[in-house]
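# Understanding the architecture of this molecule
Now for the letters of each chain:
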Amino acid sequence: MLIVGCVIFGLGSLIVKFVPVGAYAIAFWRLAVAAVIFWVLSRFFGQKLPKNRQALRYALLSGAFLGFDLALWHESIYAVGPGISTLLNSLQIFFLSAIGFFFFGERLGKIQLLSLIMAVAGVALIASPEFGHNQNAGWGFASGIVSGAMLALSMVFVRKTHQAEATALFPIMLLLDSGNLYPTTLRDAGLILIYGAVMQCFAWGLIAYAIPLLSLSLTGLLLLSEPVAALVIDYFWLDKPINGLQWGGALLTLAAIYLGSVDN
């Protein structure tokens, strides 16, 4: 479920690229559409918001960090394209593993540690050539990496919410949820609705459901399926030039995902 959710989540980068709405604005509309849908589903299935104030606070913090993650990820998409921006966002494995080690007492086995090193090397191989020909690479890399930190914090607070109080899926997803502010055509409005309904509700719902069932370090590794899918989309659909070094990085990243999964 986590891998399927990640791949669909990454497909949203295509919508961000082609809809002429600002980075922060499209993040707002995406979460607003999803919030309405999850509110309706919560009412339909009779699922209530958590009563524990700490759980409620953790869920709201998770939503705030997710909002910053999306906005900065969108900025990175504009600067370096969907594939590389999603790879940079996936550097959250650094933050997830560090948080798991220091705050949750998770330990990394030798194979899993090797897989983390391989994953980092793979991401570096894929991303490094961009600096040679893109003047926006600096901002794209900075916003992409910081978006990964925001995503990691969002996931941590999803887990903290469940630890404070067992919370049904639909209510927690409801809580998670300047420039060109409004879509100007029916096509763009429709794409934003798809972005909020499919990428935010369905895909992020799968991710949020799976996070409490896995260790943070394994979660980080499996989330790397998203950037690999985004890189393939960049090459085949958007005709972005990708050299052999970058494809080698993609294969190395896939190997890291496999090793991390087997070790757990």
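Quick look at the structure, then. (Residues numbered from 1 in each chain as written. Predicted model: local features only at pLDDT ≥ 70, side-chain atom pairs only at ≥ 80, totals over all residues. Heavy atoms only, no water.)

### Concerning the packing of helix 5 (residues 92-103) against helix 6 (residues 110-127)
- In contact at an axis separation of 10 Å, helix 5 and helix 6 are set at 155° when each is read in the N-to-C sense. The orientation of helix 5 relative to helix 6 falls into the category roughly antiparallel. Together, Ile93, Phe94 and Ser97 of helix 5 and Leu116, Ala119 and Val120 of helix 6 make up the contact between the two elements.
- Of the residues contributing to the contact of helix 5 with helix 6, the split by class is 5 nonpolar, 1 polar and no charged. (Axes fitted to C-alpha atoms, helices over the stretch in contact; angles between N-to-C directions. Helix = DSSP H or I, 4+ residues; strand = E, 2+ residues; numbered from the N terminus. Parallel < 35°, antiparallel > 145°, perpendicular 65-115°, else oblique. Contact = heavy atoms within 4.5 Å. Nonpolar A, V, L, I, M, F, W, Y, C, P; charged D, E, K, R; others polar.)

### What to know about a nonpolar patch on the surface
- There is a patch of nonpolar side chains on the surface, built from Val4, Ile194, Val198 and Phe202 and spanning about 330 Å² of accessible area.
- Among the elements that line the nonpolar patch, the one with the most residues is helix 9 (residues 186-210), at 3 residues.
- Mapped onto the fold, Ile194 is located in helix 9.
- Residue classification places Ile194 among the partly exposed positions, given a relative accessible area of 41%. (Patch = residues over 30% accessible without salt bridge, like charges linked within 9 Å, V, L, I, M, F, W, Y side chains within 5 Å. Areas by Shrake-Rupley, 256 points an atom, 1.4 Å probe, with all protein chains shown as cover. Salt bridge = Lys/Arg side-chain N within 4 Å of Asp/Glu carboxyl O. Buried < 20%, exposed > 50% of the residue type's maximum accessible area, 1.4 Å probe, protein only.)

### Digging into the side chain of His74
- In this structure, His74 sits in helix 3 (residues 53-80).
- Relative accessible area serves as the criterion here: at 0%, His74 is assigned to the buried category.
- At 2.8 Å, the side chain of His74 and the side chain of Tyr195 are in polar contact. (Polar contact = N/O pair within 3.5 Å; in protein donor to acceptor, adjacent residues only side chain to side chain.)

### Observations regarding helix 3
- Counted at 1.5 Å a residue, the expected span for helix 3 with its 28 residues is 40 Å, and the 40 Å between its end C-alpha atoms agrees.
- The positive-phi residue at the C-terminal boundary of helix 3 is Gly81, with phi of around 95°. (Expected span 1.5 Å × (residues − 1).)

### Digging into the environment of Ile126
- Mapped onto the secondary structure, Ile126 falls in helix 6.
- The buried category is assigned to Ile126, whose relative accessible area is 0%.
- In this structure the C-alpha to C-alpha distance between Ile126 and Gly83, which are 43 residues apart in sequence, comes to 9.3 Å.
- When residues no more than four places from it in sequence are discounted, the contact partners of Ile126 are Ile84, Leu87, Leu231, Gln246, Gly249, Ala250 and Thr253.

### Here's the deal with the packing of helix 1 (residues 2-18) against helix 11 (residues 225-236)
- Taken N-terminus to C-terminus, the directions of helix 1 and helix 11 make an angle of 40°; their axes are 8 Å apart at the nearest point. Judged on the interaxial angle alone, helix 11 and helix 1 are oblique. In this structure, helix 1 meets helix 11 at a crossing whose hand is right-handed. Along its contact with helix 1, which presents Ile3, Cys6, Val7, Phe9, Gly10, Leu11 and Leu14, the element helix 11 presents Ser225, Glu226, Ala229 and Ile233.
- Looking at side-chain class alone, the contact of helix 1 with helix 11 contains 8 nonpolar, 2 polar and 1 charged residues. (Left-handed = near helix turned anticlockwise from the far one by under 90°.)

### Considerations on the packing of aromatic side chains
- Taken as a whole, this structure holds 6 aromatic pairs when the rule is applied.
- When the centroid spacing of 5.1 Å and the interplanar angle of 70° are considered together, the rings of Phe28 and Trp29 count as edge-to-face.
- A centroid spacing of 5.0 Å and a plane angle of 85° characterise the contact between Phe44 and Phe45, whose relative ring orientation is edge-to-face.
- Residue classification places Phe44 among the exposed positions, given a relative accessible area of 65%. (Phe/Tyr/Trp six-rings, centres within 6.5 Å; stacked < 30°, edge-to-face > 60°.)

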